[in-house]
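The primary structure of each chain is shown beneath.
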Amino acid sequence: MLFRQLLAITAGLLLALAGNAHAEQKLDPVSQRYIEMLSNGGPTTIRDTARSMASSGESNPQVLDVAAEVLLRDYKESSSATVIDAMAWVSKALANAKTNRYQPVLQEVADNAGHRKLAGHAKKNLNKRLPDDKPYVKGSVKLEQVAKASASAAPAAASTPADGKYSPISVVREGMSMNEAYALVGQPTAIYQHQTGKAFNPFNVANHDIVRQVALYKGQGRIVFSLVSTYSNVWKVVEVTLDKNESGYP
C-alpha cells in the first residue's frame, strides 16, 4: 500500500511538471525512468535512453515532451559527436510517437541545427501525414524542475511490493537494452545462451541475432535478449514470458 501511494505521488508530481495537456496519462516505472535519464543524464545517457525509447515505442506524451525540450535545448551543440548522435536518436524517438505534436520541434532542428548530420536526421523524421495533435511549445517543460523531481523520486519509482527494490519483469518492453532491463528488474536467478538459425546464414554478414540469452526469474518468468550484432555487443529484449511457476534454472 505504501509503495502504491509513493508511486501515485511521484507520478502526479512528474505529470504536473512535464505538462498539463496530457495529465490524464499515468507514468509507469519505465516512463519514470526515461524522464529521470533524459532530465538528469549527460549525452551518453540521453543517447542510450532515446535509442531505447525509439526501439520500444515509447508513446507517453509526458516522456516525449521532456525529450522534445531536451532536443530544443541541446540541438545547436555541434562540438561533440556524442551530443549529435544523442539528438539524432531523440529526433527518431519523437518521430516514432505517431503524432504530429513534435513536427514543429523537428522542423526547427532541421532548419537551424549547426550540424548537417543532425539536421538531416530531423528532416528525415518529419512526416506530414501523422495524426493531428496540439503542437509542443518550447519551454512547456521546465527541465531543471523535472530533473530535481525525478531524481528525488527515483528510489520510489524503482520499488515493488514484491521485494522492495526492483520492479517485476512485466514492466520490461521489447526493444529495451539488457542494461536497462536489469536496472529495472534486477539480476536474474540464472541465464543461458543458445545460437539461432541466423548464425548459419551466409548472407547475415552483420551477424544480426545469431545468439540469444535467456534470463530466468524464479516465480516470475523469463526475458529473452537478442545479440543485435557481434560488432556492437548490444543486447535487446525480444520477448518477455510471464510464468509464476518458473523455477529460475535452465
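The structure under discussion appears in the preceding block.
This structure is a prediction, so every number in the text was calculated from the model and none was measured.

**Some points on the overall build of the protein chain**
Across its full length, the protein chain holds nine helices and four strands. When its helices and strands are written in sequence order, the protein chain yields α-α-α-α-α-α-α-α-α-β-β-β-β. Counting the 250 residues in the protein chain, one finds 50% classified as buried. Taking as baseline every contact in the protein chain between residues at least 6 positions apart, the subset at least 24 positions apart corresponds to 62%. When the accessible surface of the protein chain is totalled, it reaches about 12,600 Å², and 52% of it is carbon and sulfur.

**Things to note about the layout of surface pockets**
Empty space among the atoms becomes visible once a probe the size of a water molecule is rolled across them. Considered as a void within the structure, the largest pocket measures approximately 370 Å³ in volume. Secondary structure elements with two or more residues in the lining of the largest pocket: α2 (29–40), α3 (43–56), α9 (178–185) and β4 (234–242). Of the residues in the lining of the largest pocket, the class split is six nonpolar, seven polar and six charged.

**A look at helix α6 (residues 103–112)**
Those residues of α6 that fall on the buried side of the exposure criterion are Q103, V105, L106, V109 and A110. Buried residues of α6 fall within an arc of 160° about the axis and therefore sit on the same side. In this structure, the buried residues of α6 make contact with α4 (61–74), α5 (81–95) and α7 (116–124).

**Brief notes about the packing of α2 against α4**
Where α2 contacts α4, the two axes come as close as 9 Å, and the packing angle between them is 15°. In terms of axis orientation, α2 runs roughly parallel to α4. For the element pair α2 and α4, the recorded crossing hand is left-handed. In this structure, α2 contributes S31, Y34, I35 and L38 to the contact, and α4 contributes Q62, V63, V66, A67 and V70. Of the residues belonging to the contact of α2 with α4, the class tally is seven nonpolar, two polar and no charged.

**Some points on the pairing of β4**
Note that strand β3 (residues 221–229) and β4 share eight bridges and pair antiparallel. For S226, the partnering residue across the bridge sits in β4 and is K236. Between the antiparallel neighbours β3 and β4 lie four residues, among them N233 with a positive phi of about 55°.

**Some words on the packing of aromatic side chains**
In the structure shown here, the tally under the stated rule is two aromatic pairs. Between the aromatic rings of Y102 and Y136, the centroid separation amounts to 6.4 Å while the plane-to-plane angle is 35°, which identifies the pairing as tilted. Placement of Y102 in the loop between α5 and α6 and of Y136 in the loop between α7 and α8 (143–157) is noted, with a sequence separation of 34 residues between them. Accessibility assignment for this pair places Y102 and Y136 in one class, buried.

**A few points about the packing of α4 against α6**
Taken N-terminus to C-terminus, the directions of α4 and α6 make an angle of 20°; their axes are 10 Å apart at the nearest point. By the angle between their axes, α4 is roughly parallel relative to α6. Handedness of the α4/α6 crossing: left-handed. Here α4 contributes A68, L71 and L72 to the contact with α6, which in turn contributes V105, L106, E108 and V109. A breakdown of the residues in the contact of α4 with α6 according to their chemical character gives six nonpolar, no polar and one charged.

**Looking at the pairing of β3**
By the criterion of burial, β3 is predominantly enclosed, with seven of the nine residues buried. From the end of strand β2 (residues 211–217) to the start of β3, which pair antiparallel, there are three residues, and G219 there has a positive phi angle of about 80°.

**Thoughts on the environment of H208**
As for its placement among the helices and strands, H208 is situated in the loop between β1 (190–195) and β2. The class for H208 is partly exposed, based on a relative accessible area of 40%. Counting along the chain gives 12 residues from H208 to T196, while the straight-line C-alpha distance between them is 9.9 Å. Residues in contact with H208, not counting those within four places in the same chain, are K198, L227, V228 and S229. A polar side-chain atom of H208 sits 2.8 Å from the main-chain carbonyl oxygen of V228.

Reading guide: rules and limits
Residues numbered from 1 in each chain as written. Predicted model: local features only at pLDDT ≥ 70, side-chain atom pairs only at ≥ 80, totals over all residues. Heavy atoms only, no water. Helix = DSSP H or I, 4+ residues; strand = E, 2+ residues; numbered from the N terminus. Buried < 20%, exposed > 50% of the residue type's maximum accessible area, 1.4 Å probe, protein only. Contact = heavy atoms within 4.5 Å. Areas by Shrake-Rupley, 256 points an atom, 1.4 Å probe, with all protein chains shown as cover. 1 Å grid on protein atoms, 1.4 Å probe; cavity = no way out; pocket = protein on both sides within 12 Å on 5 of 7 lines; lining within 4 Å. Points joined across faces, edges and corners; volume = space filled by probe spheres on them. Nonpolar A, V, L, I, M, F, W, Y, C, P; charged D, E, K, R; others polar. Arc of directions from axis to C-beta. Axes fitted to C-alpha atoms, helices over the stretch in contact; angles between N-to-C directions. Parallel < 35°, antiparallel > 145°, perpendicular 65-115°, else oblique. Left-handed = near helix turned anticlockwise from the far one by under 90°. Pairing = 2+ DSSP bridges. Phe/Tyr/Trp six-rings, centres within 6.5 Å; stacked < 30°, edge-to-face > 60°. Polar contact = N/O pair within 3.5 Å; in protein donor to acceptor, adjacent residues only side chain to side chain.

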